[in-house]
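Chain by chain, the residues run as shown.
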Amino acid sequence: MYSLDEFGEMVGDSLRFPAYREAIARAVKPGDSVVDIGSGPGVFALLACKAGAKKVYAIDTESVVEFGRQFAATNGLTGRIEFLRGDSRQILLPERANVIVSDIRGALPLFGQGIHTLNDARKKLLTENGRMIPERDTLFAALVEAPENYERIIAPWKSVPGLNLEAAVPVVLNTMYKRQCKPEQLLSDAQAWHVLDYPNGADPRAGAKLRFHTNRSGTAHGFTVWFATKLYEDIGFCTEPGTKDSVYGQVFLPLLQPVAVSAGEEIQAELHADLVGTDYVWRWDFEIAPRNGREPLKFRQSTFQGGGLSPASLRKRSAEFVPVLSEAGLAERWLLIAMDGMTPLEQIAVKATENFPHTFSRVEDAFRKAGEISDRYSR
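Residues numbered from 1 in each chain as written. Predicted model: local features only at pLDDT ≥ 70, side-chain atom pairs only at ≥ 80, totals over all residues. Heavy atoms only, no water.

**Student:** Even after reading the chapter, I still don't get the environment of Gln250, so can you show me in this structure?
**Tutor:** With respect to the helices and strands, Gln250 occurs in the loop between β11 (235–238) and β12 (251–261). Each C-alpha atom, one on Gln250 and one on Phe227, is 8.2 Å from the other, the two residues being 23 residues apart in sequence. Not counting residues within four places of it along the chain, the set of residues in contact with Gln250 comprises Tyr177, Lys178, Arg179, Gln180, Cys181, Thr224, Val225, Trp226, Thr239, Glu240, Pro241 and Thr243. Within the structure, the side chain of Gln250 is placed 3.4 Å from the side chain of Gln180, a separation counted as a polar contact. (Helix = DSSP H or I, 4+ residues; strand = E, 2+ residues; numbered from the N terminus. Contact = heavy atoms within 4.5 Å. Polar contact = N/O pair within 3.5 Å; in protein donor to acceptor, adjacent residues only side chain to side chain.)

Here you go:
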């Protein structure tokens, strides 16, 4: 969920926005139909109209998409942009698009259901030989020396006088972080490890075995991960260390302990990202041979160990699990059924409080939940 001011940061991003603006201007031809997925307030949709699109469908799951109508009116484009709130996978359009434009990444393109959404849009919404912006995203990784970032992660659990909180340290070191780093912090060459080819169907599951060679002596604190994008033809950008501040940045995957390395050493590594439900589980392995009295080291780390998904949560997502609704689940189901197109929300909330007193202790609580459901699913 992004607010209008956060979309403002995206528009003001001097790495991202000029490249998208140029790509849209070149890819969209006069008379084209365009779909803008994850449109927010529809700035890309406006640019597509300026490039000559006859019709643009701006789609977003959040209510900020509705603000785009004001932009469209101000720019004299009301009749050429249709703003649709919802999941593009559940929306039927009257025509296929010549161009699909999107930026539904997080810090990295492997983010939530984004890849599945774009693969679905390519199949259902794009004309044959249609164009996609972006065309390709390539993920890169390198070993990084990042003592400040590392200390920032572990220090809170070692600094409370009179209390031992160090049980949290392995958990926080099995977590991924959005952290900027500088080129001089890199300890190895950068390696490409996954490519997302959107016009040909991108693989949402990423994994690769890598061999890094250190280019200087130092202390390895983890891996840094970033991406380069080809938006359209020769237009794109890269979020590598050293680029100007951007809404993307890099991702930092810390090691279980810092490791001193010498120039020319080889580190065997594996990086994996697997979509489980609506979130990615990341895994990173690190292995280095003994040298100069140092014992060999092997780390096997995962955001699963960092508490991103509990065993109970995974069990409830398994194919064999038989779900039984809790009272809160029964209450939500009841609210959905009660929205029959005839009963006002106030009456629904009063009745819900009577039927589910343990879930809704006040009518106001039921009204708030009913309002959320109404905002999400009603026409």
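**Student:** I would appreciate a short explanation of the nonpolar core in the present structure.
**Tutor:** Counting residues in each nonpolar core, the largest one holds 82 residues, and the members touching the most others are Ile81, Leu110, Trp193, Phe223 and Trp282. Setting aside anything within four residues of it in sequence, one finds Leu110 in contact with Ile115, Leu139, Trp193, Leu196, Pro204, Ala206, Ala273, Tyr280 and Trp282. (Core = buried A, V, L, I, M, F, W, Y, C linked by side-chain atoms within 4.5 Å. Buried < 20%, exposed > 50% of the residue type's maximum accessible area, 1.4 Å probe, protein only.)

**Student:** Explanation requested: the sheet that holds strand β9 (residues 206–213) in the structure shown.
**Tutor:** What links the strands of a sheet is backbone hydrogen bonding, and the strands pair in either a parallel or an antiparallel sense. Read from one edge to the other, the open sheet built from four strands follows the order β9-β13-β14-β15, with strand pairing classed as antiparallel. In the strand order of this sheet, the two ends are held by β9 and β15 (297–302), each with one partner. Ignoring strand direction, the axes of neighbouring strands in this sheet form an average angle of 10°. With eight bridges connecting them, β9 and strand β13 (residues 266–276) associate as antiparallel partners. Residue pairing across strands places Leu210 opposite Ala269, the latter belonging to β13. (Pairing = 2+ DSSP bridges. Axes fitted to C-alpha atoms, helices over the stretch in contact; angles between N-to-C directions.)

**Student:** How should I be thinking about the packing of aromatic side chains in this particular structure?
**Tutor:** Within the structure shown, the criterion is met by 13 aromatic pairs. Residues Tyr20 and Phe237 carry aromatic rings whose centres are separated by 6.5 Å and whose planes lie at 50° to one another, so their mutual orientation is tilted. Highlighted residues: Tyr20 in helix α2 (residues 17–27) and Phe237 in strand β11, separated in sequence by 217 residues. Judged by its relative accessible area of 8%, Phe237 falls in the buried class. An aromatic cluster is defined as three or more aromatic residues linked by ring pairs; in this entry it consists of Phe17, Tyr20, Phe44, Phe227, Phe237 and Tyr248. Directly above the aromatic system of Tyr20 lies the positively charged group of Arg16, at a separation of 5.4 Å from the ring centroid. (Phe/Tyr/Trp six-rings, centres within 6.5 Å; stacked < 30°, edge-to-face > 60°. Lys NZ or Arg CZ within 6 Å of the ring centre and 35° of its normal.)

**Student:** Before we go on, may I ask you to explain helix α5 (residues 114–124) in this structure?
**Tutor:** Counting along an α-helix, one turn takes 3.6 residues, and residues three or four places apart therefore face a common direction. By the burial criterion, the buried members of α5 are Gly114, Ile115, Thr117, Leu118, Asn119, Asp120 and Ala121. Packing partners of the buried residues in α5 comprise β1 (33–37), β4 (97–102), β5 (126–133), β8 (191–197) and β14 (279–288).

**Student:** Would you mind showing me how to read the pairing of strand β3 (residues 81–85) here?
**Tutor:** When a strand is regular, its side chains alternate between the sheet's two faces. Summarising the sheet, strand β2 (residues 55–60) and β3 pair through five bridges and their orientation is parallel. Bridging from a neighbouring strand, Asp60 pairs with Arg85 of β3. Chirality of the crossover, the property in question, places the unit of β2, helix α4 (residues 68–74) and β3 among those that are right-handed. (Right-handed = clockwise from strand over helix to strand, strands pointing away.)

**Student:** Hey, could you run me through the pattern of salt bridges in this one?
**Tutor:** Pairs may arise between side chains of opposite charge once their charged atoms sit close together. Tallying each qualifying case throughout the model produces 26 salt bridges. The salt bridge partner of Asp285 is Arg300, with a shortest N-O separation of 3.8 Å. With Asp285 in strand β14 and Arg300 in strand β15, the pair connects residues that are 15 residues apart, well separated along the chain. You can call Asp285 buried: its relative accessible area is 6%. Residue Arg300 is classed as partly exposed on the basis of its relative accessible area of 42%. Glu287 is paired through a salt bridge with Lys298; the nearest N and O atoms lie 3.8 Å apart. Here Glu287 is found in strand β14, whereas its partner Lys298 is found in strand β15, with eleven residues between them in sequence. Judged by relative accessible area, Glu287 falls into the partly exposed class, the value being 24%. With relative accessibility at 56%, the residue Lys298 sits in the exposed group. Shared partners join several salt bridges into a network, and the residues in it are Arg283, Asp285, Glu287, Lys298 and Arg300. (Salt bridge = Lys/Arg side-chain N within 4 Å of Asp/Glu carboxyl O.)

**Student:** What exactly am I supposed to notice about the environment of Thr353 here?
**Tutor:** If you trace the backbone, Thr353 turns up in helix α10 (residues 345–355). Between the C-alpha atom of Thr353 and that of Val363, which follows or precedes it by ten residues, the distance is 5.7 Å. Setting aside chain neighbours within four positions, we find Thr353 in contact with Phe360, Arg362, Val363 and Ala366. Polar side-chain contacts of Thr353 include one of 2.9 Å to the backbone oxygen of Ala349.

**Student:** Whenever I open this one, the side chain of Arg105 confuses me. Can you help?
**Tutor:** Counting through the fold element by element, Arg105 comes out in the loop between β4 and α5. Of the residues examined, Arg105 reaches a relative accessible area of 8% and is grouped as buried. A polar contact of 3.1 Å, which involves the side chain of Arg105, links it to the side chain of Asp137. One polar contact links Arg105 to Thr229, side chain to side chain, over a distance of 3.1 Å. Setting aside chain neighbours within four positions, we find Arg105 in contact with Tyr2, Tyr20, Phe111, Pro134, Asp137, Phe227, Thr229, Leu231 and Tyr248.

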